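One-letter residues, chain by chain:
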Amino acid sequence: MKNPAIFLLPMIIIVLFAFVGGRLMASGAISPTTMIIIAVGAFLLMMLVRPKKQAPSGNADTTLALLGDFSKDAFSQDEHLNTQFQSALSDYVNSMPKAAQKKLENLQPQCKTDADTYAVSLVLGLVKSSTGDYAGAIKLFNQAVILNPTADLADLIGSTQQRIGELEAALDSYAFALDLDPDNINIRGKLATAYVADGDFISAIDHAQMVLDRDENHASALATIAICHGCLDHADLYSGYTARAVENGYKEEKITATVDALKKKYKKTIESLK
């Protein structure tokens, strides 16, 4: 329920303004013209300071795409539960994660079909991810992907795992996503960057090159290969791929900073590869 003060405050101001203004005009302290000017100014000020709607943080299109056809029958046999689920989904999309989480957790024990469980697990995972509970989100996403294995969901799991430093698990999730959608160059690019983060520069180059085989101007893939060659001190290759990455919109400073950080982190690994 919305805060009633949001609606009552303007009404109180209007009533007070009319009362005080009327008394002042009656006493001749101000003219009607001055009163009109003050009223317009007060109205404009109220419009500026009134509470604004918070922009949705949940990506509605992405959420609906992840839900997909598999969950279209979620709670279809129970109108009350379906209404609760749709309300929770709306809360998430409109940046009200606490409200969404409470409703979804109430729905969990009432799930009767795989579609019910998938829909609740997925959206509750998205809610937990939006509040920084990545471990909780991954657990729920894993429950969902067992019921409905899709490349997009496996990719989401990998991205979340990589975000909290679970690189080995992320590599497995990206690989699983590519098993489901081998031609997806965005997921393959993520796999390449995960290999870079894990210090496996040779595998990173292999997968980034597969991306370039499909899109020769893919800036992130060019940068990934540049970073790998920079770490391995392949000066000419580093220079060439860096130039191509920059031509396609990637910042050279970002490549340089990444190379410097990785050289420090994987010094022994790099020396063994030379």
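Rules and cut-offs
Residues numbered from 1 in each chain as written. Predicted model: local features only at pLDDT ≥ 70, side-chain atom pairs only at ≥ 80, totals over all residues. Heavy atoms only, no water. Helix = DSSP H or I, 4+ residues; strand = E, 2+ residues; numbered from the N terminus. Buried < 20%, exposed > 50% of the residue type's maximum accessible area, 1.4 Å probe, protein only. Contact = heavy atoms within 4.5 Å. Areas by Shrake-Rupley, 256 points an atom, 1.4 Å probe, with all protein chains shown as cover. Phe/Tyr/Trp six-rings, centres within 6.5 Å; stacked < 30°, edge-to-face > 60°. Expected span 1.5 Å × (residues − 1). Arc of directions from axis to C-beta. Core = buried A, V, L, I, M, F, W, Y, C linked by side-chain atoms within 4.5 Å. Salt bridge = Lys/Arg side-chain N within 4 Å of Asp/Glu carboxyl O. Axes fitted to C-alpha atoms, helices over the stretch in contact; angles between N-to-C directions. Parallel < 35°, antiparallel > 145°, perpendicular 65-115°, else oblique. Left-handed = near helix turned anticlockwise from the far one by under 90°. Nonpolar A, V, L, I, M, F, W, Y, C, P; charged D, E, K, R; others polar. Disulfide = S-S within 2.5 Å. pLDDT = per-residue confidence, 0-100.

Peer 1: Help me understand the overall build of the protein in this model?
Peer 2: Helix and strand counts for the protein come out as 15 helices and zero strands. Here the protein, with 274 residues, has 36% of them falling under the buried criterion. Residue pairs at least 24 apart in sequence account for 53% of intrachain contacts in the protein once pairs closer than 6 positions are excluded. A total accessible area of about 16100 Å² is found for the protein, and carbon and sulfur atoms account for 57% of it.

Peer 1: Looking at this structure, I do not really get the packing of aromatic side chains. What am I missing?
Peer 2: By convention here, two paired aromatic rings are described through the distance between centres and the angle between planes. Applying the stated criterion to the full structure yields three aromatic pairs. Aromatic pair Phe75 and Phe85: ring centres 6.0 Å apart, planes at 40°, arrangement tilted. A residue pair is termed long-range when its members are at least 10 positions apart, and Phe75 in the loop between helix H3 (60-67) and helix H4 (79-93) and Phe85 in helix H4 qualify at 10 residues. For Phe85, a relative accessible area of 4% puts it in the buried group. Ring geometry for Phe201 versus Tyr266: centroids 6.3 Å apart, planes at 85°, classification edge-to-face. Separated by 65 residues along the polypeptide, Phe201 in helix H11 (residues 201-214) and Tyr266 in the loop between helix H14 (252-265) and helix H15 (267-273) bring together distant segments of the chain. Assessed through its relative accessible area of 1%, Phe201 is described here as buried.

Peer 1: Would you explain H14 in this entry?
Peer 2: Residues spaced three or four apart along an α-helix point in a common direction, a consequence of the helix completing one turn every 3.6 residues. Counted at 1.5 Å a residue, the expected span for H14 with its 14 residues is 20 Å, and the 20 Å between its end C-alpha atoms agrees. Every buried residue of H14 is listed here: Ile255, Val259 and Leu262. Each buried residue of H14 sits inside an arc of 75° when the element is viewed along its axis, so together they form one side. In H14, the exposed positions that point more than 90 degrees away from the buried face belong to Glu253, Lys254, Lys264 and Lys265.

Peer 1: Please clarify how unusual backbone geometry should be interpreted in this entry.
Peer 2: One non-glycine residue, Ser95, lies in the positive phi region at around 65°. With respect to the element layout, Ser95 can be found in the loop between H4 and helix H5 (97-107). Phi at Asp233 takes a positive value of approximately 60°, unusual for a residue other than glycine. By relative accessible area, Asp233 is classed as partly exposed at 41%.

Peer 1: Looking at this structure, I do not really get the environment of Asp215. What am I missing?
Peer 2: Tracing the backbone through its elements, the reader meets Asp215 in the loop between H11 and helix H12 (219-231). Residue classification places Asp215 among the partly exposed residues on the basis of a relative accessible area of 30%. For Asp215 and Ile185, which are 30 residues apart along the polypeptide, the C-alpha to C-alpha distance reads 8.5 Å.

Peer 1: What should I look at first to understand the nonpolar core in this one?
Peer 2: It is characteristic of soluble globular proteins that their nonpolar side chains tend to be buried jointly. In terms of nonpolar packing, the biggest core is built from 37 residues, with Val196, Phe201, Ile227, Cys231, Ile255 and Leu262 touching the most fellow members. Element by element, the count of residues in this core is highest for H12, at nine residues. Once residues lying within four places of it in the same chain are set aside, the contact partners of Val196 are Phe201, Ala204, Thr224, Ile227, Cys228, Leu262 and Tyr266. Counting residues in each nonpolar core, the second largest holds 29 residues, with Ala88, Tyr92, Tyr118 and Val145 among its members.

Peer 1: Can you help me understand the pattern of salt bridges in this one?
Peer 2: Pairs may arise between side chains of opposite charge once their charged atoms sit close together. For the coordinates displayed, the defined rule picks out five salt bridges. A salt bridge links Lys128 to Asp133; its shortest N-O distance comes to 3.6 Å. Judged by relative accessible area, which is 14%, Lys128 ranks as buried. Exposure remark for Asp133: the relative accessible area of 31% places this residue in the partly exposed category.

Peer 1: Would you mind going over the packing of helix H6 (residues 114-130) against helix H7 (residues 134-147) with me for this structure?
Peer 2: Helix packing for two helices is described by the angle between their axes and how far apart those axes are. Remark: H6 packs on H7, axes separated minimally by 8 Å, with the N-to-C direction vectors making an angle of 155°. By the angle between their directions, the pair H6 and H7 is classed as roughly antiparallel. Two packed elements cross with a definite hand, and for H6 against H7 that hand is left-handed. Residues Asp114, Thr117, Tyr118, Ser121, Leu122, Leu124, Gly125, Leu126, Lys128 and Ser129 of H6 lie in contact with H7, whose contacting residues are Tyr134, Gly136, Ala137, Leu140, Phe141, Gln143, Ala144 and Leu147. Its residues placed into classes, the contact of H6 with H7 shows 10 nonpolar, six polar and two charged.

Peer 1: What exactly am I supposed to notice about the state of the cysteines here?
Peer 2: What makes a disulfide is a covalent bond joining the sulfur atoms belonging to two cysteines. Counting across every chain of the model gives zero disulfides. Here Cys231 stays unpaired: no disulfide links it, and the sulfur of Cys228, its closest cysteine neighbor, is 6.6 Å away.

Peer 1: Any chance you could explain the confidence of the model for the protein here in plain terms?
Peer 2: Detailed reading of the predicted model is not advised wherever pLDDT is low. For the protein, per-residue confidence averages 87 on the pLDDT scale, and residues scoring 70 or more make up 78% of the total. Counted against residues more than four places away or in other chains, residues 1-7, with its pLDDT under 50, gives three contacts.

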